[in-house]
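Residue-level structural notes
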Amino acid sequence: MHNCSIPEPIADRAAELSRLRLLARKVALVHGGHHPAMTELATVVDRIAGAPQNAIADTDHAQIHQLTAAYTPWPEACGSVRALFAGLHALRS
Amino acid sequence: MPSCHDHLLPVDLTRPSAVSILSGEHRVILQVITCLERMAVQATREGRIPTGHARSAIEVIRTFADRCHHGKEEDILFPALEAQVPGFGPTAVMREEHVIGRQYVAAMAAAIDADDVAGFVPAANGYTELLRAHIAKEDDILFRMAQAMLSPAQDAAILEAYRAVEHDDMGDGTHERLLGIADAIADVYGVERASNDPQTFALLTAVCGCHTGKA
């Protein structure tokens with residue numbers, strides 16, 4: 001149902017998490033076969049994006065840190081992977 | 001009631017093509033205009049426009065729906081069809097409706113700036129009504145015709161041109177940023193995200209970013 005309690009404008013954080021959720025799904029779809037951690041990462045990001053107030057627990061940050069090899073894309077990684085890892089890293093700050 | 005277009009096969013949404021990519025984008029546009037419709041209801045009820053949400057919706061409509069999606073239609077798909085059938089009527093009608101849509105969007109933007117509920121509500125409702133009918137005509141008639149008209153080589157060339165729009169004209173990351181905004185608005189207004197459907201998601205990501213699966 002319509003929820004008027006969320007302040008305007010669309011919280012940048014909500015839009016950013018929705019963007020990262022889409023990127024994570026795309027990366028999992030394209031690269032999950034060669035990089036299984038990306039499939040797990042998409043699940044984690046999807047859970048975070050759906051959490052109330054988009055809260056991110058320390059354990060989630062730790063899991064993302066591990067799945068992304070400390071936010072380090074593999075050498076030949078594409079732009080989507082790099083954008084995803086950079087966005088997830090920025091969430092820490 | 002049977003129509004004269006029933007002999008045309010529905011758009012094949014199981015693979016990226018010149019028309020399926022655009023049909024996938026239609027799902028996102030429908031998602032955003034449903035939000036817009038609910039904003040109009042809210043504005044009528046509360047006597048004020050949900051300004052931030054409405055501005056976000058306008059950004060998605062202007063950039064994703066008009067510049068990117070209608071741009072692909074007007075600059076790539078329609079000319080390909082018009083080259084085969086000079087004076088092709090359906091694309092002329094679609095172009096006219098894009099122009100009318102831009103007028104509604106300009107009216108909504110002006111109403112938002114002026115906090116003019118009486119101006120916003122009819123513009124939002126008019127745009128929503130126009131776009132729903134427009135999308136139905138494209139999905140059910142024009143795209144079916146296009147699917148039958150385009151050769152595999154033409155289809156592949158159009159897909160490549162779409163990729164150039166995403167990368168060169170829109171810029172890498174723009175597509176995902178706008179989809180993120182669209183989904184965030186949808187969450188606020190309780191509208192189903194188009195990207196939740198795996199088939200639509202595959203089409204939405206088919207011409208943006210990486211797609212080789214090699215790296």
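Residues numbered from 1 in each chain as written. Chains lettered and ligands numbered in written order. Predicted model: local features only at pLDDT ≥ 70, side-chain atom pairs only at ≥ 80, totals over all residues. Heavy atoms only, no water.

Along chain A, the regular secondary structure elements total four helices and zero strands. Counting helices and strands in the order they occur from the N terminus, chain A gives α-α-α-α. Per-residue burial for chain A yields a buried fraction of 45% across its 93 residues. Considering only contacts in chain A between residues 6 or more positions apart, those separated by 24 or more positions represent 55%. Carbon and sulfur atoms provide 58% of the accessible area of chain A, an area that totals close to 4,700 Å². (Helix = DSSP H or I, 4+ residues; strand = E, 2+ residues; numbered from the N terminus. Buried < 20%, exposed > 50% of the residue type's maximum accessible area, 1.4 Å probe, protein only. Contact = heavy atoms within 4.5 Å. Areas by Shrake-Rupley, 256 points an atom, 1.4 Å probe, with all protein chains shown as cover.)

All names here are of chain A. Located in the positive-phi region is Ala70, a residue other than glycine, with phi close to 60°. With respect to the helices and strands, Ala70 occurs in the loop between α3 (58-67) and α4 (79-92). According to the relative accessible area criterion, Ala70 is partly exposed, its value standing at 37%.

This paragraph deals with the pattern of salt bridges. All names here are of chain B. Summed over all chains, the structure comprises 20 salt bridges over all chains. Across the pair Arg132 and Glu37 runs a salt bridge whose closest N-O atoms are separated by 2.9 Å. Taken together, the positions of Arg132 in helix α4 (residues 117-149) and Glu37 in helix α1 (residues 20-46) put the pair 95 residues apart, joining distant regions of the chain. For Arg132, a relative accessible area of 32% corresponds to the partly exposed category. In this structure, the salt-bridge partner of Lys72 is Glu166, at a minimum N-O distance of 2.7 Å. (Salt bridge = Lys/Arg side-chain N within 4 Å of Asp/Glu carboxyl O.)

Because an α-helix packs 3.6 residues into every turn, residues spaced three or four apart end up facing the same way. All names here are of chain B. If you check helix α3 (residues 89-113), its first and last C-alpha atoms are 37 Å apart, about what 25 residues at 1.5 Å a residue would give, namely 36 Å. Turning to α3, its buried residues are Thr91, Met94, Glu97, His98, Gly101, Val105, Met108, Ala109, Ala111 and Ile112. Close packing links the buried residues of α3 with α1, α2 (51-84) and α4. (Expected span 1.5 Å × (residues − 1).)

Overall, the coordinates contain one aromatic pair over all chains when judged by the stated rule. Taking the centre distance of 6.3 Å and the plane angle of 85° together, the rings of Trp74(A) and Phe85(A) count as edge-to-face. On the criterion of sequence distance, the pair formed by Trp74(A) in the loop between α3 and α4 and Phe85(A) in helix α4 is long-range, its members being eleven residues apart. Classification of Trp74(A) as buried rests on a relative accessible area of 13%. The ring of Phe201(B) has Arg25(A) sitting right over it, with the charged end atom 3.9 Å from the ring centre. (Phe/Tyr/Trp six-rings, centres within 6.5 Å; stacked < 30°, edge-to-face > 60°. Lys NZ or Arg CZ within 6 Å of the ring centre and 35° of its normal.)

As a further point, take the nonpolar core. Formed by 71 residues in total, the largest nonpolar core has its most connected members in Leu36(B), Met39(B), Leu77(B), Met108(B), Phe120(B) and Tyr162(B). Broken down by secondary-structure element, the contributors of at least two residues to this core are α1 (12-31) of chain A together with α1, α2, α3, α4, α5 (152-171), α6 (174-189) and α7 (198-204) of chain B. Among the elements that line this core, the one with the most residues is α4(B), at 13 residues. With residues up to four places along the chain from it excluded, the contact list for Met39(B) reads Pro50(B), His53(B), Ala54(B), Ala57(B), Phe120(B), Ile185(B) and Tyr189(B). (Core = buried A, V, L, I, M, F, W, Y, C linked by side-chain atoms within 4.5 Å.)

Right, let's talk about the side chain of Arg193(B) for a bit. Positionally, Arg193(B) belongs in the loop between α6 and α7. Residue classification places Arg193(B) among the buried residues on the basis of a relative accessible area of 9%.

Taken residue by residue, chain B gives an average pLDDT of 91. The fraction at 70 or more is 93%. Taken as a whole, residues 211-215 of chain B scores under 50 in pLDDT and shows ten contacts with residues more than four places along the chain or in a different chain. (pLDDT = per-residue confidence, 0-100.)

Let us look at the environment of Gln66(A). Note that Gln66(A) resides in helix α3. Residues Gln66(A) and Ser93(A) lie 27 residues apart in sequence; the distance between their C-alpha atoms is 17 Å.

Residues and elements named next belong to chain B. For the pair α1 and α2, interaxial distance at closest approach is 10 Å and the crossing angle is 150°. Between α1 and α2, the angle is such that the two are roughly antiparallel. Judged by the sense of rotation from one axis to the other, the crossing of α1 with α2 is left-handed. Contacts between α1 and α2 involve Ile21, Leu22, Glu25, His26, Val28, Ile29, Val32, Leu36 and Met39 from the former and His53, Ala54, Ala57, Val60, Ile61, Phe64, Ala65, His69, Lys72, Glu73 and Leu77 from the latter. Residue classes in the contact of α1 with α2 are distributed as 14 nonpolar, three polar and three charged. (Axes fitted to C-alpha atoms, helices over the stretch in contact; angles between N-to-C directions. Parallel < 35°, antiparallel > 145°, perpendicular 65-115°, else oblique. Left-handed = near helix turned anticlockwise from the far one by under 90°. Nonpolar A, V, L, I, M, F, W, Y, C, P; charged D, E, K, R; others polar.)

This brings us to the environment of Val85(B). All names here are of chain B. Within the element layout of this structure, Val85 appears in the loop between α2 and α3. With a relative accessible area of 35%, Val85 lands in the partly exposed category. As a C-alpha pair, Val85 and Leu131 span 46 residues in sequence and 25 Å in three-dimensional space.

Note on placement: Met170(B) falls in helix α5. Considering only alpha carbons, one finds Met170(B) and Phe64(B), 106 residues apart in sequence, at a separation of 9.1 Å.

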